[in-house]
Every structure is written in C-alpha cells, then in structure tokens.
Amino acid sequence: MNRLTGKRVLITGASAGIGEACARHFAAHGTHLLLSARRVERVREIAEELSTEHGIEARADALDVTDRAAVTAYVDDLAGAGLVPDVLINNAGKAKGLDKLHEGSLDHWDEMIDTNVKGLLYVTRAVVPHMVERDSGHIINIGSIAGRWVYPKGAVYNATKFAVKALSEAMNIDLLGTRIRVSSVDPGLTETEFSEVRFDGDTERADSVYSTTEPLTADDVADACVYVANAPEHVDIFNLVMMPTVQRYPGYIDRTGA
Ligand code: 8X3
C-alpha cells in the first residue's frame with residue numbers, strides 16, 4: 001500500500017547519490033519534493049525532470065546545510081509559502097579522508113562535523129517546530145554502519161555518524177507525545193560519490209572501493225527510505241541497518257567473487 005502520495009518530502013544533499021535516488025523513488029510514489037543542495041543547477045534539473053515525469057510539485061533550492069542563516073531563511077521561506085514538509089530526509093553528509101586520528105586533517109574534521117552533525121541539527125531545528133505545530137511529520141536521518149561500529153582510520157567520520165545515531169534516538173524521546181516519528185537508515189558500503197569525496201577526487205582509489213565487490217546502490221538505500229516512510233502512522237521504525245550481502249561488518253567485505 002502506498003501511503004506517500006500527496007505528501008511533501010524535503011531532501012538535503014539531493015544533487016547526487018542517495019539524496020537524488022530518494023528524490024526519484026519518492027516522486028515515483030507521488031510525493032511532492034523540496035530538493036536542496038549546494039549544486040543548485042543539478043537539483044533544478046532533477047526537480048524539473050521529476051515534476052514532468054510524475055506530475056508532482058518539485059521545488060529546488062541552493063542550500064549549504066552548514067550555513068546556519070541560510071538554513072533558517074530557507075525553512076522560513078518554505079513555511080511562509082505553506083510548504084512545511086511531511087517527511088524530512090537529512091541526507092547531506094560526507095566522509096573526508098581515511099587517517100589515524102593523530103595524523104588526520106583538521107580541515108577534514110571541520111567539514112565532516114559541520115555537515116554531518118551541525119548541518120543536520122540546523123535543518124532539524126528549523127523544520128521540526130513546524131511539524132510539532134501540525135502534530136505530524138517524519139524525520140529520516142541517513143546514518144551509517146560507521147555510526148554503529150568504528151573502523152580503522154575512520155575515527156572522526158565514525159564519531160559524526162555515532163552522533164547521528166544519538167540524535168535520532170534522542171529526538172524520538174523528545175517527540176514522545178506527538179505523532180512525529182524519527183528513523184535512521186544506516187547503510188554500509190554503497191556506491192556513490194562518497195569515496196570520491198572522501199579521497200579528494202582520487203577516482204582510481206575511489207573506484208577500487210567498489211569495483212572489486214558488489215556494493216549497495218543509492219537506489220537500494222532510497223528503497224529502504226521509502227519503506228520506512230511508508231510504514232503505517234502508528235509504526236515508528238527506529239533504525240534500519242543495511243549492508244550488501246558481500247559485507248557483514250565495516251571492512252569485512254567479500255572481494256573474492258568480483
Ligand atoms: C558509509 C559506510 O562503512 O563505508 O557510511 O563508512 S562506510
């Protein structure tokens with residue numbers, strides 16, 4: 001049963017990867033879209049394509065979730081236009097570098113903490129009061145298996161995703177007594193621009209993460225997000241952890257069959 005038709009879904013980081021795939025999967029379920037990313041041209045193209053294809057409303061905005069004032073202005077503008085989302089997908093996030101803590105780049109740390117933790121908080125803080133006012137809504141945080149188990153050289157990325165896990169659980173507690181649900185979807189190895197960003201554009205290194213095995217796709221993760229959002233209103237799926245069949249733990253990946 002499709003319970004999503006006519007709902008409005010806000011997706012951050014919607015220009016590529018899991019965010020873009022979510023836009024496509026939710027649009028296919030008849031939801032209206034509020035897409036944002038720093039790469040506004042890209043989200044505009046996606047919004048136009050999906051509104052034509054599915055007959056939905058799709059708005060695209062430039063948004064850097066680390067820019068506190070911009071996030072507040074964006075959400076105020078949405079609320080003023082009567083576009084409070086029914087579902088918020090906090091997808092914008094990244095890994096930068098793979099280093100031992102004592103050798104890590106402070107710039108990488110700032111970027112990860114600012115986007116994965118503070119950015120998620122800014123967007124959530126701006127959107128959720130509107131949901132509380134309506135006593136309805138669903139927040140889906142894109143976490144990671146890196147927020148459940150640490151792995152070598154992943155310390156700060158791990159810490160940011162552990163923070164997402166903590167925030168998802170804490171938000172659920174804070175929202176007791178409302179009809180607002182909070183979920184996190186925590187994927188393992190997923191083939192997106194993730195590794196290219198992590199390795200500062202080193203495509204060869206990024207490709208080698210995926211080409212020797214069979215990772216999840218962004219579509220697989222989007223499919224899980226639709227499942228979580230589509231659960232009946234009295235069901236709150238706290239956490240959905242998913243890995244490709246070739247993976248059973250961070251770094252524990254079967255690369256023999258590729
Ligand atoms: C992505 C999963 O294990 O590559 O967040 O860090 S992992």
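Look up a bit, the structure's there.
Residues numbered from 1 in each chain as written. Predicted model: local features only at pLDDT ≥ 70, side-chain atom pairs only at ≥ 80, totals over all residues. Heavy atoms only, no water.

A. Representation of the packing of aromatic side chains within the structure. By the definition in use, this model includes two aromatic pairs. Consider the rings of Trp149 and Tyr249, whose centres lie 5.6 Å apart with planes at 50 degrees: the pair is tilted. Separated by 100 residues along the polypeptide, Trp149 in the loop between strand S5 (137-142) and helix H5 (155-174) and Tyr249 in strand S10 (residues 247-249) bring together distant segments of the chain. The ring of Tyr157 carries the charged tip of Arg198 above its face, separated from the ring centre by 5.3 Å. One cation-aromatic arrangement involves Arg205 over Phe199; the distance from NZ or CZ to the ring centre is 3.8 Å. (Phe/Tyr/Trp six-rings, centres within 6.5 Å; stacked < 30°, edge-to-face > 60°. Helix = DSSP H or I, 4+ residues; strand = E, 2+ residues; numbered from the N terminus. Lys NZ or Arg CZ within 6 Å of the ring centre and 35° of its normal.)

B. Region of the structure containing the sheet that holds S5. Strand order in the open sheet formed by seven strands is S3-S2-S1-S4-S5-S6-S9, and the pairing between neighbours is parallel. Of all strands in the sheet, those with a lone pairing partner are strand S3 (58-62) and strand S9 (239-242), marking the two edges. Across the sheet, the mean angle from the axis of one strand to that of its neighbour is 15 degrees, orientation sign disregarded. Of the pairings in the sheet, the one linking S5 to strand S6 (residues 180-187) comprises six bridges and is parallel in character. Its bridge partner lying in S6, Ile140 is registered against Ser183. Contacts from helix H2 (residues 40-54) reach strand S2 (32-37) and S3, with the element oriented near 180 degrees to S3. (Pairing = 2+ DSSP bridges. Axes fitted to C-alpha atoms, helices over the stretch in contact; angles between N-to-C directions. Contact = heavy atoms within 4.5 Å.)

C. Expanded view of the nonpolar core. Among the nonpolar cores identified, the biggest contains 37 residues, and Ile11, Phe26, Leu33, Leu35, Ile89 and Val185 are the most heavily contacted of them. Listed by contribution, the elements that provide at least two residues to this core are strand S1 (8-11), helix H1 (17-28), S2, H2, strand S4 (87-90), S5, helix H8 (218-230) and S9. Counting residues per element, this core draws most heavily on H8, which supplies eight residues. The contacts of Ile89, once residues within four sequence positions are left out, are Val9, Leu10, Ile11, Thr12, Cys22, Phe26, Ile140 and Ile142. Of all hydrophobic cores here, the second largest spans 22 residues; its members include Leu63, Val71, Val128 and Met171. (Core = buried A, V, L, I, M, F, W, Y, C linked by side-chain atoms within 4.5 Å. Buried < 20%, exposed > 50% of the residue type's maximum accessible area, 1.4 Å probe, protein only.)

D. Just the packing of H1 against H8, in detail. Look at H1 against H8: their axes get within 8 Å of each other, and the N-to-C directions meet at 55 degrees. In terms of orientation, H1 lies oblique with respect to H8. The crossing of H1 and H8 is right-handed. Side by side, H1 and H8 meet where Gly17, Ile18, Ala21, Cys22, His25 and Phe26 of the first sit next to Ala218, Asp219, Val221, Ala222, Asp223, Cys225, Val226 and Ala229 of the second. Classifying every residue of the contact of H1 with H8 gives 10 nonpolar, two polar and two charged. (Parallel < 35°, antiparallel > 145°, perpendicular 65-115°, else oblique. Left-handed = near helix turned anticlockwise from the far one by under 90°. Nonpolar A, V, L, I, M, F, W, Y, C, P; charged D, E, K, R; others polar.)

E. The environment of Asp64, seen in detail. Along the polypeptide, Asp64 turns up in the loop between S3 and helix H3 (68-80). Between the C-alpha atom of Asp64 and that of Met112, which follows or precedes it by 48 residues, the distance is 13 Å. Within the structure, the side chain of Asp64 is placed 2.8 Å from the side chain of Thr66, a separation counted as a polar contact. (Polar contact = N/O pair within 3.5 Å; in protein donor to acceptor, adjacent residues only side chain to side chain.)

F. How the structure looks around the packing of helix H4 (residues 106-134) against H5. Between H4 and H5, the shortest axis-to-axis distance is 9 Å and the interhelical angle comes to 15 degrees. Taken together, the axes of H4 and H5 are roughly parallel relative to one another. Judged by the sense of rotation from one axis to the other, the crossing of H4 with H5 is right-handed. In this structure, H4 uses Trp109, Met112, Ile113, Asn116, Val117, Leu120, Leu121 and Thr124 to contact H5, whose residues at the interface are Val156, Tyr157, Thr160, Lys161, Ala163, Val164, Leu167 and Met171. Across the contact of H4 with H5, the residue classes break down as 12 nonpolar, three polar and one charged.

G. Looking closely at the site of the ligand. Around the ligand sit Ser144, Ile145, Ala146, Tyr151, Tyr157, Pro187, Gly188 and Phe194, and those are all the residues in its vicinity. Within the contact set of the ligand, an oxygen atom lies 2.6 Å away from a side-chain nitrogen or oxygen of Ser144. Here an oxygen atom of the ligand sits 2.5 Å away from a polar atom, N or O, in the side chain of Tyr151. Protein chains shield 87% of the accessible area of the ligand, which is 240 Å² for the free molecule. When each cavity is represented as a set of grid points, the ligand is found to reside in the largest pocket. When the residues that make up the shell around the ligand are grouped by side-chain class, the tally is six nonpolar, two polar and no charged. (Near = heavy atom within 4 Å. Areas by Shrake-Rupley, 256 points an atom, 1.4 Å probe, with all protein chains shown as cover. 1 Å grid on protein atoms, 1.4 Å probe; cavity = no way out; pocket = protein on both sides within 12 Å on 5 of 7 lines; lining within 4 Å. Sits in = over half its atoms within 2 Å of the grid points.)

H. Representation of the state of the cysteines in the model. Inspection of every chain in the model, using the stated rule, returns zero disulfides. Looking at Cys22, it has no disulfide partner, and the nearest cysteine sulfur is the one in Cys225, 3.9 Å off. The exposure class of Cys22 is buried, given its relative accessible area of 0%. (Disulfide = S-S within 2.5 Å.)

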